[in-house]
Amino acid sequence: MKKTALYDKHVSLGAKIVPFAGFEMPVQYSGVTEEHFAVREKAGIFDVSHMGQFFIEGPGARDLLQLVTTNNVDVLEKGKAQYSCLPNENGGIVDDLIVYKMEDEKYFVVVNASNIDKDWDHISKYNTFGATMTNASDEMSLLAVQGPKATEILQKLTDVNLSEIPYYHFTVGSLAGANDIIISNTGYTGSGGFEIYFKNENAETLWDAIIKAGEEEGIIPCGLAARDTLRLEKGFCLYGNDIDDTTSPIEAGLGWITKFDKDFVSKDIFAKQKEEGITRKLVGFELEDKGVPRHDYPVVDAEGNVIGKVTSGTQSPMKKVGLGLAYVDKPHFKLGSEIFIQVRNKNIPAKVVKAPFV
């Protein structure tokens, strides 16, 4: 199992450590609910250094990324980031990712921890453009400082005007005395904040500085469990649960990152799905009775026929109800449809709703 540069810090803080995507990661510190509300109302700091980072450079970098991702790289300007996905040859998803444009011929790509090798091999396979690829995953760390107080806290540590960085934009600057930090207005919680990328040797210095700077605002360390409940309340997909090698971006509600004004892997498959319609779709749902939906729970209709399955589910800390995401067969995926989630052999009534939930 790998460890992030902050592993010893998490242990010293009493975090519960669990194996995740090949890493020993903190799943929680003070408790999921407390961490969840800290991010919604104040601020939380997450070590997500297990994520993968690639640099793709050279005259062929743009052409390579255009071919292997669904979104249109041409709309990126220096300092802008883009959510996208890597389609496979069968109309599924290799991974979802964020593409950052550093310079005209230099891109920074952030991928999921469990898919680092798979993504590297997939992109390399299509690199007939002579692009220079560098896997920086083992040398870099990533902290996510999330919540309504995040900007205020981080502003104490940098001369960069953070309020001038729009959503899904970034800059490179100094933070807490460390240089060459990628400061990105992105995140996976839906509560605002920044993700900061830097060399491993700066990890403890930056963690300590951010915690100290945020004492007055109430910042606390947060683990993967709260990260999951936070992203789910906002309807964000989790690779391996809601999207995978067998799901298309059209089915997953990611048509907005699938641009048909360029050529890319599996374009024809997705265009056909868009034109002819899909037979299943990823939807949000809320339970109308007590129960907690979980991954792989069956979704049934009023007669008990299986019409889908839950991909992500939880008891929402904010709404105090069971909610989640599920692939549901046509026509049951229409908004307002009545469906049932099988929780311990009991069919709990639920309604298809539009995400985000909060």
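Computed from a prediction, not measured in an experiment: that's the story for all the values here.

(A) Spatial organisation of the UniProt feature "binding site: substrate" (unreviewed entry) in the protein. In the UniProt entry, the feature "binding site: substrate" (unreviewed entry) is given for Glu195. Position of glutamate 195 among the secondary structure elements: in strand S13 (residues 193-199). Under the relative-accessibility criterion, glutamate 195 is labelled buried at 7%. Leaving out residues up to four positions away in the same chain, glutamate 195 has contacts with Tyr100, Leu142, Leu143, Ala144, Ile182, Ile183, Ser184, Thr186 and Gly187.

(B) Summary view of the pairing of strand S4 (residues 44-47). Of the two faces of S4, the one lined by Gly44 and Phe46 and the one lined by Ile45 and Asp47 are each fully buried. Summarising the sheet, S4 and strand S10 (residues 140-146) pair through 4 bridges and their orientation is antiparallel. For isoleucine 45, the partnering residue across the bridge sits in S10 and is valine 145. Sheet topology places S4 next to strand S14 (residues 220-222); 3 bridges connect them, and they run parallel. Across the sheet, the residue bridging to glycine 44 is isoleucine 220, located in S14.

(C) Representation of the domain arrangement of the protein in the model. Domain boundaries assigned for the protein yield domain 1 (2-50 + 138-233), domain 2 (53-135) and domain 3 (279-357). Relative to domain 2, the C-alpha centre of domain 1 lies at a distance of 24 Å. In this assembly, 15 residues from domain 1 lie in contact with 17 residues from domain 2. Here domain 1 packs against domain 2, burying approximately 1,300 Å² in sum over the two surfaces, 65% of which is carbon and sulfur. There are 0 salt bridges connecting domain 1 and domain 2. Taken together, the connections running from domain 1 to domain 2 amount to 5 residue pairs in polar contact (both at pLDDT 80 or more). Looking at the side of domain 1 that touches domain 2, the elements with two or more residues in it are S10, strand S11 (170-175), strand S12 (178-184) and S13. Considering only residue class, the side of domain 1 that touches domain 2 consists of 9 nonpolar, 4 polar and 2 charged.

(D) Just the UniProt feature "domain: Aminomethyltransferase C-terminal" (unreviewed entry) in the protein, in detail. Under the local residue numbering, the UniProt record ascribes the feature "domain: Aminomethyltransferase C-terminal" (unreviewed entry) to residues 280-358. For residues 280-358, helix accounts for 0% and strand for 54%, while the C-alpha atoms at its two ends are 24 Å apart.

(E) Seen up close, the sheet that holds strand S1 (residues 2-3). Across the sheet, 3 strands lie side by side as S1-S3-S2; this open sheet has mixed pairing. Each edge of the open sheet carries a strand with a single partner, namely S1 and strand S2 (16-20). Pairing of S2 with strand S3 (residues 23-28), which is carried by 5 bridges, proceeds in the antiparallel orientation. Within S3, the position partnered with phenylalanine 20 by the bridge is phenylalanine 23.

About the criteria used
- Residues numbered from 1 in each chain as written.
- Predicted model: local features only at pLDDT ≥ 70, side-chain atom pairs only at ≥ 80, totals over all residues.
- Heavy atoms only, no water.
- UniProt positions renumbered as here; feature names shortened; annotations may be inferred.
- Helix = DSSP H or I, 4+ residues; strand = E, 2+ residues; numbered from the N terminus.
- Buried < 20%, exposed > 50% of the residue type's maximum accessible area, 1.4 Å probe, protein only.
- Contact = heavy atoms within 4.5 Å.
- Pairing = 2+ DSSP bridges.
- Domains from an automatic or database assignment.
- Buried area = accessible area lost by both parts, 1.4 Å probe.
- Salt bridge = Lys/Arg side-chain N within 4 Å of Asp/Glu carboxyl O.
- Polar contact = N/O pair within 3.5 Å; in protein donor to acceptor, adjacent residues only side chain to side chain.
- Nonpolar A, V, L, I, M, F, W, Y, C, P; charged D, E, K, R; others polar.

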